[in-house]
Amino acid sequence: SQQGEEDPQALSIQEGENATMNCSYKTSINNLQWYRQNSGRGLVHLILIRSNEREKHSGRLRVTLDTSKKSSSLLITASRAADTASYFCATGNTGKLIFGQGTTLQVKP
Amino acid sequence: DTAVSQTPKYLVTQMGNDKSIKCEQNLGHDTMYWYKQDSKKFLKIMFSYNNKELIINETVPNRFSPKSPDKAHLNLHINSLELGDSAVYFCASSQVFGQANSYEQYFGPGTRLTVT
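What comes next is a walk through the structure. (Residues numbered from 1 in each chain as written. Chains lettered and ligands numbered in written order. Predicted model: local features only at pLDDT ≥ 70, side-chain atom pairs only at ≥ 80, totals over all residues. Heavy atoms only, no water.)

The next thing to look at is the overall build of chain B. On a plain count of helices and strands, chain B comes out with zero helices and eleven strands. Its helices and strands in sequence order give chain B the pattern β-β-β-β-β-β-β-β-β-β-β, from N to C terminus. The C-alpha radius of gyration of chain B comes to 13 Å, within 12% of the 13 Å expected for a compact globule of 116 residues. With the C-alpha coordinates aligned to their principal axes, the bounding extent of chain B is approximately 40 × 30 × 30 Å. Out of the 116 residues in chain B, the part that is buried amounts to 44%. (Helix = DSSP H or I, 4+ residues; strand = E, 2+ residues; numbered from the N terminus. Rg over C-alpha atoms; globule rule 2.2 N^0.38 Å. Buried < 20%, exposed > 50% of the residue type's maximum accessible area, 1.4 Å probe, protein only.)

Here you go:
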């Protein structure tokens, strides 16, 4: 069964606004990763957060992890039109990542 | 300087045909993967190879046969194509096999397969 599930499935905001995407998972994890997929392209790794971390930053990205709730969130601050893409969380163990269905983000200029 | 490359980018073929997709990575990674992404963007792992050895086979029909001639290449051959095989297939690689969620994966640009 699917491990990660993103919420919302789709999000539309204006440029400059913040975008928040959530991910829930079912089993214990060591780490959780976020990926971005631009239309017609492969996935690009954004950030990895370990299970003993609660928050991690990378540029305009902020990821939080709550292992007690089995959830993570990705915040993109001051969004740009170029952030328009699908965002996936991924968890897994021993050899394979399991991806959620992603959140499709549209940032309107 | 492409990290993970796939060919072809688009593949249109008829039911019953046999086709292959090729993947190469120049990152020096030990582990390579094939994923299938359906029309709802659900991405599912199909196979994983570590140093040319098949590690993961996720209940994929045996019409799909991966082949890894060396650790930089992982090809996917599909026999007797069916309509349901239409999807985007992604190749990926990572540095180390084992705790997969501990290492980022690098994805190719995808191959859009359309079976008519």
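Moving on from the coordinates now.
Let us look at the overall build of chain A. Within chain A, the regular secondary structure consists of zero helices and eleven strands. Starting at the N terminus and ending at the C terminus, chain A contains elements arranged as β-β-β-β-β-β-β-β-β-β-β. Taken over the C-alpha trace, chain A has a radius of gyration of 13 Å; the compact-globule value for 109 residues is 13 Å, and the two agree within 12%. Judged by the C-alpha coordinates and their principal axes, chain A covers about 40 × 25 × 20 Å. Expressed as a percentage of contacts within chain A between residues at least 6 apart in sequence, the contacts between residues at least 24 apart total 53%. (Contact = heavy atoms within 4.5 Å.)

Attention shifts here to the packing of aromatic side chains. Counted under the stated rule, the structure contains eight aromatic pairs over all chains. With 6.1 Å between their ring centres and 35° between their planes, Y33 of chain B and Y35 of chain B make a pair best called tilted. Each member of the pair, Y33 of chain B together with Y35 of chain B, is buried. What links up through ring pairs into an aromatic cluster is the set Y35 and F99 of chain A together with Y33, Y35, F90 and F107 of chain B. (Phe/Tyr/Trp six-rings, centres within 6.5 Å; stacked < 30°, edge-to-face > 60°.)

Time to look at the interface of chain B and chain A. Opposite the 25 residues of chain B that make contact, chain A presents 25 residues. Taken together, the two surfaces of chain B and chain A that pack against each other cover about 2,000 Å², and 49% of this comes from carbon and sulfur. The tally of links from chain B across to chain A stands at zero salt bridges. Where chain B meets chain A, there are four residue pairs in polar contact (both at pLDDT 80 or more). Of all the secondary-structure elements, those providing two or more residues to the side of chain B that touches chain A are β4 (31–37), β5 (43–50) and β10 (105–107) of chain B. Residue composition of the side of chain B that touches chain A, by class: twelve nonpolar, eight polar and five charged. (Buried area = accessible area lost by both parts, 1.4 Å probe. Salt bridge = Lys/Arg side-chain N within 4 Å of Asp/Glu carboxyl O. Polar contact = N/O pair within 3.5 Å; in protein donor to acceptor, adjacent residues only side chain to side chain. Nonpolar A, V, L, I, M, F, W, Y, C, P; charged D, E, K, R; others polar.)

With that settled, the discussion passes to the state of the cysteines. All names here are of chain B. A complete count under the given rule lists two disulfides over all chains for this structure. Disulfide pairing places C23 opposite C91 at an S-S distance of 1.8 Å. Taking the sign of the S-S torsion, -75° for the link of C23 and C91, the bridge is left-handed. A residue pair is termed long-range when its members are at least 10 positions apart, and C23 in strand β3 (residues 19–25) and C91 in strand β9 (residues 87–94) qualify at 68 residues. (Disulfide = S-S within 2.5 Å.)

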